[in-house]
Amino acid sequence: MIPISILDLVRIREGSDARVALDNARDLALHAEGWNYTRFWMAEHHNMRGIASAATAVAIGHVAAGTSTIRVGAGGVMLPNHSPLVIAEQFGTLASLFPGRIDLGLGRAPGSDQATTRALRRDPASAESFPQDVLELQAFLAPAETGQRIVAVPGHGTNVPLWILGSSTFGARLAAELGLPYAFASHFAPDSLEMALQMYRAQFKPSRQQAKPHAMVGINIIAADSDAEARRLATTQQMSFTDMHRGVRGLSKPPIDDIETYWTPLEKAQASHMLAHSIIGSPETVRAGIERFLLLTGADELMIVSDVFEHKARLHSYQLIADIARAIEPL
């Protein structure tokens, strides 16, 4: 089967709180483990009332402690917000607690607005040193050398696998140059998908971590027993993207019967563009959509976002997707 993984946004729902969101993430990961998902990732977002994974390493520890085999990681840590040493210590600690199960995806964007970046005490220009910071982090996670003055403890010798995340060709070039696996965020940034994947594969240089290119591609999939029910569930995500364009950072909303009553034509166009790589429907519809997407991308792995409001319905969506993936032969 095509390897499938989960990117959980750890949404805080209306009428709920962050603790419930984090516990739901842990419960989803436990179910996903039984459904043969490969990995379960969470991302660093700051100053967003509806997302509970800002302290990403802490959230990963919570999920990893409630599971036993699935890989758990960051998709990703926004490295410009941190010193490489601190991230090496955090993820070295996680790797020591959960050996062989921790992934570290790295992003160059701040994951926040400029005011929040200032509150994080980070220089916006620190993104320019992202390639050097990745190499520094990688060195901290490697075995310590004789005479090395600064050592990540825990961290050194854990060799936590690094991934480069991106939504443009910059990340594709860097992942290829460093010989690292690459994850493209087409679940919200579809424009450069094909060009970035082509560049990554063409320019890839083998490394100690990765002998050949491995491209994981993000995609929104919402599955339900019928097309109509899936379309209704999808209105939660559509409202979230509409609110983002409005500058509103609220909690996740329950689905509505008619999304056309919520957004304007311009907002519909904006949200629909960002959600262009979405598959919404019954098992038959979802299978056909996944097969088309694999033909388009040649993805080595799919990173699935199923942004559904009600936890039971979200579990059902991911279970249906796993059943569908088992029936699809890799390209």
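Structural data are supplied above this passage.
First, a word on scope: everything that follows refers to the structure included in this document. Computed from a predicted structure; not experimentally measured. Per chain, residue numbering runs from 1 following the sequence as it is written. Given that the model is predicted, a residue must reach a pLDDT of at least 70 before its local features are reported, and side-chain atom pairs must reach 80 or more before they are shown or counted; all residues, however, enter totals for whole chains, interfaces and linings. Hydrogens and waters are ignored; side-chain quantities use all the structure's heavy atoms.

### Focus: the overall build of the protein
Secondary structure elements are taken from DSSP: a helix is a run of H or I of four residues or more, a strand is a run of E of two residues or more, and numbering for both begins at the N terminus. Within the protein, the regular secondary structure consists of 11 helices and nine strands. Each principal axis of the C-alpha atoms in the protein carries an extent, and together these give about 65 × 45 × 35 Å. Across the 331 residues of the protein, 53% fall into the buried class. Whether two residues are in contact is decided by their heavy atoms, any of which lying within 4.5 Å being enough. Sequence-distant contacts, at least 24 apart, represent 74% of the contacts inside the protein between residues at least 6 apart. Areas reported here follow the Shrake-Rupley algorithm with a probe of radius 1.4 Å; residue values treat only the protein chains shown as occluding. For the protein, the computed accessible surface area is about 14,500 Å², with 55% contributed by carbon and sulfur atoms. All tallies of charge rest on Lys and Arg as positive and Asp and Glu as negative; His and the ends of each chain are not included. Taken as the charge location is NZ of Lys, CZ of Arg, CG of Asp or CD of Glu. Distance from the positive charge centre (29 side chains) to the negative charge centre (34 side chains) of the protein: 3 Å. Under the scheme applied here, a residue whose accessible area is under 20% of the maximum for its type counts as buried, over 50% as exposed, and between as partly exposed, the area being computed with a 1.4 Å probe on protein chains only.

### What about the pairing of strand β2 (residues 39-42)?
Alternating positions in β2 separate into two faces, Arg39 and Trp41 on one and Phe40 and Met42 on the other, with burial throughout. By this definition, two strands are paired if DSSP reports at least two bridges between them. The pairing of strand β1 (residues 4-8) with β2 spans three bridges and is classified as parallel. Bridge pairing in β2 links Leu7 to Trp41. The crossover handedness rule: strands pointing away from the viewer, path from first strand over the helix to second strand clockwise, crossover right-handed. Viewed along the sheet, the connection from β1 through helix α1 (residues 18-34) into β2 turns out right-handed. Bridge count for β2 against strand β3 (residues 71-78) is four bridges, and the pairing is parallel. Considered in β3, the bridge of Trp41 is made with Gly73. Crossover connection from β2 via helix α2 (residues 56-65) to parallel β3: handedness right-handed.

### A look at the pattern of salt bridges
It is possible for side chains bearing opposite charge to pair when their charged atoms get close. The salt bridge criterion pairs a side-chain nitrogen of Lys or Arg with a carboxyl oxygen of Asp or Glu, the two atoms within 4 Å. Per the stated rule, a full pass over the model turns up 14 salt bridges. Between Arg11 and Asp307 there is a salt bridge, with its nearest N and O atoms 3.2 Å apart. Taken together, the residues span a long stretch of sequence, with Arg11 in the loop between β1 and α1 and Asp307 in the loop between β9 (301-305) and α11 (311-326) at a distance of 296 residues. Residue classification places Arg11 among the partly exposed positions, given a relative accessible area of 22%. One salt bridge in this structure joins Lys253 and Asp243, with 2.7 Å as the shortest N-O distance. Separated by 10 residues along the polypeptide, Lys253 in the loop between α8 (227-246) and α9 (265-274) and Asp243 in helix α8 bring together distant segments of the chain. For the pair shown, Lys253 and Asp243 are each scored as buried.

### Details of the packing of α8 against α9
Relative to each other, α8 and α9 sit at 115°, their axes nearing to 9 Å. Between α8 and α9 the crossing geometry is right-handed. Here α8 contributes Phe241, Thr242, Met244, His245 and Arg246 to the contact with α9, which in turn contributes Glu267, Gln270, Ala271 and Met274. Charged means Asp, Glu, Lys or Arg here, nonpolar means Ala, Val, Leu, Ile, Met, Phe, Trp, Tyr, Cys or Pro, and polar covers whatever is left, Gly included. Its residues placed into classes, the contact of α8 with α9 shows four nonpolar, three polar and two charged. Here an angle of 0 to 180 degrees is reported between the N-to-C directions of two axes, which are lines fitted to C-alpha atoms, with helices fitted over the stretch in contact. By definition, any crossing whose near helix is turned counterclockwise from its far helix by less than a right angle is left-handed, and any crossing with a clockwise turn is right-handed.

### So, the environment of Trp41
With respect to the element layout, Trp41 can be found in strand β2. In this structure the C-alpha to C-alpha distance between Trp41 and Ala74, which are 33 residues apart in sequence, comes to 5.1 Å. As used in this structure description, the phrase polar contact means that two N or O atoms lie within 3.5 Å; if the pair is within protein, one of them must be able to donate a hydrogen and the other to accept it, and residues adjacent in sequence are counted only when both atoms belong to side chains. A polar atom in the side chain of Trp41 sits 3.1 Å from the side chain of Asp103.

### What to know about the nonpolar core
With 77 residues, the main nonpolar core has Tyr37, Phe91 and Leu104 as its most contacted residues. When residues in this core are grouped by element, the largest group, seven residues, is from α11. With near-sequence residues (within four places) excluded, Phe91 lies in contact with Ala57, Ile60, Ala74, Val77, Ile102, Asp103, Leu104 and Val160. Remark: nonpolar core denotes a set of buried residues (Ala, Val, Leu, Ile, Met, Phe, Trp, Tyr, Cys) joined through side-chain atoms within 4.5 Å. Among the nonpolar cores identified, the runner-up in size contains nine residues, and Leu7, Leu9, Trp163 and Val305 belong to it.

### Considerations on α1
A helix is expected to span 1.5 Å multiplied by its residue count minus one. Taking 1.5 Å of rise per residue, the 17 residues of α1 would be expected to cover 24 Å, and the 25 Å separating its terminal C-alpha atoms lies within 8% of that figure. Three or more residues of α1 are buried, namely Ala21, Asn24, Ala25, Leu28, Ala29, Ala32 and Glu33. Looking at the buried residues of α1, the elements they touch are β1, β2, α2 and α11. Measuring from the side-chain oxygen of the N-cap residue of α1 to the backbone nitrogen of Arg19 gives 3.3 Å; that N-cap residue is Asp17. Following α1 by one or two positions, Asn36 has its phi on the positive side, about 70°.

### Observations regarding the pairing of strand β8 (residues 278-281)
Successive side chains on a regular strand alternate, one facing one side of the sheet and the next facing the other. Only one face of β8 is covered, namely the one carrying Ile279 and Gly281; the face carrying Ser278 and Ile280 has none of its residues buried. Examined bridge by bridge, strand β7 (residues 215-223) and β8 share four bridges and lie parallel to one another. Considered in β8, the bridge of Ala223 is made with Gly281.

### A look at the packing of aromatic side chains
Working definition: rings of Phe, Tyr and Trp (its six-membered ring) pair if their centres are within 6.5 Å, and the pair is stacked with planes under 30 degrees apart, edge-to-face with planes over 60 apart, and tilted otherwise. Tallied over the full model, the rule gives five aromatic pairs. Considering the side-chain rings of Tyr182 and Phe184, the 6.3 Å spacing of their centres and the 70° angle between planes classify their relative orientation as edge-to-face. Comparing Tyr182 with Phe184 shows no difference in burial state: the two are buried. Each ring, one from Tyr200 and one from Phe204, has its centre 5.7 Å from the other, and the planes form 80°; the classification is edge-to-face. Under the relative-accessibility criterion, Tyr200 is labelled buried at 0%. In textbook terms, an aromatic cluster arises when at least three aromatic residues are bridged by ring pairs, as seen for Tyr182, Phe184, Tyr200 and Phe204. Criterion for a charge above a ring: Lys NZ or Arg CZ within 6 Å of the ring centre, and within 35 degrees of the ring normal. Positioned over the ring face of Tyr262 is Arg246, at 4.8 Å from the centre of the ring.

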